[in-house]
Amino acid sequence: MSRYWLFKSDPATFGLEDLERSPGRTTCWDGVRNYQARNFLRDDVRVGDGVLFYHSQSRPPAVVGTAEVVRAGYPDPTQFDRRDPGHDPGSPPGDPRWYAVDIRLRKRLARPAELPELRGTPGLEEMLLLRKGSRLSIQPVTAGEWRIVLRLGGVRGGLG
DNA sequence: GCCAACGTTGGC
DNA sequence: GCCAACGTTGGC
């Protein structure tokens, strides 16, 4: 059974449009440097899982699309790249510290599901994203939350 | 193991 | 640009 996730991205760095333009509308979700998020990527995110694509640092912040996991956790190549901002000289190649997954765009939402709107929506009271001080960039989402967010985004029926 | 200092995230 | 919340670092 598939799970659901929310991935945050600053559109100034990598936004939905960048994903739309990526070959096969697929990208490597690398650069995650937080241990809790790493654990999700390494241990829990699986092929076929659904992803809410979220624009942070945006006005207003919003879920703007859905994606699907097409490759489960594997060592993040950028940690071994000297020139990459995420280069981690302390990560042993034999036991990599950081992980990435691949995701493929499913669809852009008909309209963004904006953060202030999410805050007022019944059924989302427990959503991790809405918790004060929640900075986690990879978050689990329940099936109910997934369905509600997609409905707000104008996605009718199905998996989005 | 404690905790102050520091850096980052991200909403506003 | 501001600042609250959080994570990490490093001295002790």
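Refer to the structure above for everything that follows.
The following refers to the structure shown. Fair warning: this is a prediction, and the values are worked out from it, not measured in the lab.

Scoring rules and cut-offs
- Residues numbered from 1 in each chain as written.
- Chains lettered and ligands numbered in written order.
- Predicted model: local features only at pLDDT ≥ 70, side-chain atom pairs only at ≥ 80, totals over all residues.
- Heavy atoms only, no water.
- Helix = DSSP H or I, 4+ residues; strand = E, 2+ residues; numbered from the N terminus.
- Contact = heavy atoms within 4.5 Å.
- Areas by Shrake-Rupley, 256 points an atom, 1.4 Å probe, with all protein chains shown as cover.
- Lys, Arg positive; Asp, Glu negative; His and termini not counted.
- Charge placed at Lys NZ, Arg CZ, Asp CG, Glu CD.
- Buried < 20%, exposed > 50% of the residue type's maximum accessible area, 1.4 Å probe, protein only.
- Near = heavy atom within 4 Å.
- Polar contact = N/O pair within 3.5 Å; in protein donor to acceptor, adjacent residues only side chain to side chain.
- Pairing = 2+ DSSP bridges.
- Axes fitted to C-alpha atoms, helices over the stretch in contact; angles between N-to-C directions.

Attention now moves to the overall build of chain A. Per the secondary structure count, chain A includes four helices and six strands. Put simply, chain A runs from its N terminus to its C terminus through helices and strands in the order β-α-β-α-β-β-β-α-β-α. Projected onto its principal axes, the C-alpha positions of chain A cover 45 × 35 × 35 Å. Put simply, 74% of the contacts in chain A that link residues at least 6 apart link residues at least 24 apart. About 8700 Å² of surface is accessible on chain A, with carbon and sulfur atoms providing 48% of the total. Here chain A contributes 25 positive and 20 negative side-chain charges, whose respective centroids are spaced 3 Å apart.

Listed as buried for helix 4 (residues 143-152) are E145, W146, I148, V149, L150 and L152. Of the surrounding elements, those touching the buried residues of helix 4 are strand 1 (4-9), strand 3 (50-55), strand 4 (62-75), strand 5 (99-114), helix 3 (115-119) and strand 6 (138-141). Count one or two residues on from helix 4 and you reach G154, which has phi positive near 80°.

Glancing now at the protein's contact with DNA strand B. All residues in the neighbourhood of DNA strand B are listed as K8, Y54, S56, Q57, P61, L115, R119 and R135. Here, DNA strand B places atoms within 4 Å of the protein, and 73% of those atoms are sugar or phosphate. Interatomic distance of 2.7 Å between a side-chain N/O atom of Y54 and a phosphate oxygen of DNA strand B. Between DNA strand B and the protein, one listed contact pairs a phosphate oxygen with a backbone N or O atom of Q57 at 3.1 Å.

A few words now on the environment of V51. Relative to the elements of secondary structure, V51 occurs in strand 3. Since its relative accessible area comes to 0%, V51 is described here as buried.

Here we take up the sheet that holds strand 2 (residues 26-29). Ordered in space as 2-5-4-3-1-6, the six strands form an open sheet in which the pairing is mixed. Whereas interior strands pair on both sides, the edge strands pair on one side only; in this sheet they are strand 2 and strand 6. Across the sheet, the axes of successive neighbouring strands diverge by a mean angle of 35°, strand direction being ignored. In terms of strand pairing, strand 1 meets strand 3 through six bridges, oriented parallel. Its bridge partner being in strand 3, K8 is matched across the sheet by Y54. Sitting on the sheet, helix 4 is in contact with strand 1, strand 3, strand 4, strand 5 and strand 6, with an inclination near 45° to strand 5.

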